[in-house]
Amino acid sequence: MDQLSYSRHRFPPPVIQHSIWLYLRFTLSYRDVEELLAERGLEVSYETVRRWVLKFGSRIARRLRRSRPRPTDRWHLDEMVVRIAGRQMYLWRAVDHEGEVLDMLVQRRRDKRAALRLMRKLLRKQGFAPELLVTDKLGSYGSAFRQLGLSCPHEQGLRKNNRAENSHQPVRRRKRKMQRFKSAGSAQRFLSIHAAVHNTFNLQRHLISRSTLRAFRAEATAEWQAAVAAA
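None of these values were measured; they are calculated from a predicted model.

Caption draft 1: A look at empty space enclosed by the protein. Under the counting rule described, the total for this entry stands at 1 cavity of 30 Å³ or more. Here the largest cavity defines a volume of roughly 30 Å³. Trp75, Leu77, Met119, Leu122, Leu123, Pro130, Leu133 and Leu150 together form the lining of the largest cavity. Contributing elements (two or more residues each) for the lining of the largest cavity: β1 (74-84) and α4 (112-126). Among the elements that line the lining of the largest cavity, the one with the most residues is α4, at 3 residues. Of the residues assigned to the lining of the largest cavity, the class counts are 8 nonpolar, no polar and no charged.

Here's what the structure looks like:
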């Protein structure tokens, strides 16, 4: 387990934890978090919030991922265009059929090599092969699928892959709020952290009753509190 220590920080752990939660859970900028804390009488600069997220975010995300149940075996893969430092790049993304983000990878290319890299990383990380793979009609997916020798069905089609297409929406909102990503490394790091938090609090509230939503929300909050607790 990654060791979290809030020692030598001027603010108490609950303030640090709440600031990180606000930034990662909602579509807020660091300055927005500063304003929300100021409204509660806490004078914390946005730069301090940024340093807290950079210091603790990755370790909190790893803890959250460890507590997640195994994803389903129906995977959807897709890619979206992102501009980073003035250059066009691609965010390759994999989700299961329930919207759980499995992995993502920022790459320069949109070809077979890039698709292979994502799929190999995904198989290594999950530790099992899917029962169904769904992608759009990009030929790179089919070439990578055949080279890996996967035995599961491979369905291709724009409408069939709506699950993956919809999963890009939170990223697009965050990208606009952040006024684009500054580098490929920082984008990969932030999106990995954001995915872990999104998975924890993505409750599909339109599909469940209010009482079930309260129960799931309490479970998600408990997962978060366990992840941010100091060792």
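Still more ground to cover, so stick around.
Caption draft 2: Quick peek at the layout of surface pockets. In this structure, the largest pocket spans a volume of roughly 800 Å³. Of all the secondary structure elements, the ones that give two or more residues to the lining of the largest pocket are α1 (13-25), α6 (162-167), α7 (169-177), α8 (184-201) and α9 (210-228). Of the residues forming the lining of the largest pocket, the biggest block, 5 residues, is contributed by α9. Its residues assigned to classes, the lining of the largest pocket shows 10 nonpolar, 12 polar and 7 charged.

Caption draft 3: Layout of helix α2 (residues 30-39). Those residues of α2 lying buried are Tyr30, Val33 and Leu37. Seen from one end, α2 has its buried residues packed into an arc of 60°, which puts them on one side. Facing away from the buried side of α2 by over 90 degrees, the exposed positions are Arg31, Glu35 and Glu39. Of the surrounding secondary structure, the elements contacted by the buried residues of α2 are α1 and α3 (46-67). The positive-phi residue at the C-terminal boundary of α2 is Gly41, with phi of around 85°.

Caption draft 4: Representation of the packing of α4 against helix α5 (residues 139-148). Relative orientation of the contacting elements α4 and α5 amounts to 50°, with a least axis distance of 8 Å. Classed by the angle they form, the pair α4 and α5 counts as oblique. Helix-helix and strand crossings are classified by hand; for α4 and α5 the assignment is right-handed. Each of Lys112, Ala115, Leu116, Met119, Arg120 and Leu123 in α4 lies in contact with α5, whose residues at this interface are Ser140, Tyr141, Ser143, Ala144, Phe145, Gln147 and Leu148. In terms of residue class, the contact of α4 with α5 is made up of 8 nonpolar, 3 polar and 2 charged.

Rules used in this analysis
- Residues numbered from 1 in each chain as written.
- Predicted model: local features only at pLDDT ≥ 70, side-chain atom pairs only at ≥ 80, totals over all residues.
- Heavy atoms only, no water.
- 1 Å grid on protein atoms, 1.4 Å probe; cavity = no way out; pocket = protein on both sides within 12 Å on 5 of 7 lines; lining within 4 Å.
- Points joined across faces, edges and corners; volume = space filled by probe spheres on them.
- Helix = DSSP H or I, 4+ residues; strand = E, 2+ residues; numbered from the N terminus.
- Nonpolar A, V, L, I, M, F, W, Y, C, P; charged D, E, K, R; others polar.
- Buried < 20%, exposed > 50% of the residue type's maximum accessible area, 1.4 Å probe, protein only.
- Arc of directions from axis to C-beta.
- Contact = heavy atoms within 4.5 Å.
- Axes fitted to C-alpha atoms, helices over the stretch in contact; angles between N-to-C directions.
- Parallel < 35°, antiparallel > 145°, perpendicular 65-115°, else oblique.
- Left-handed = near helix turned anticlockwise from the far one by under 90°.

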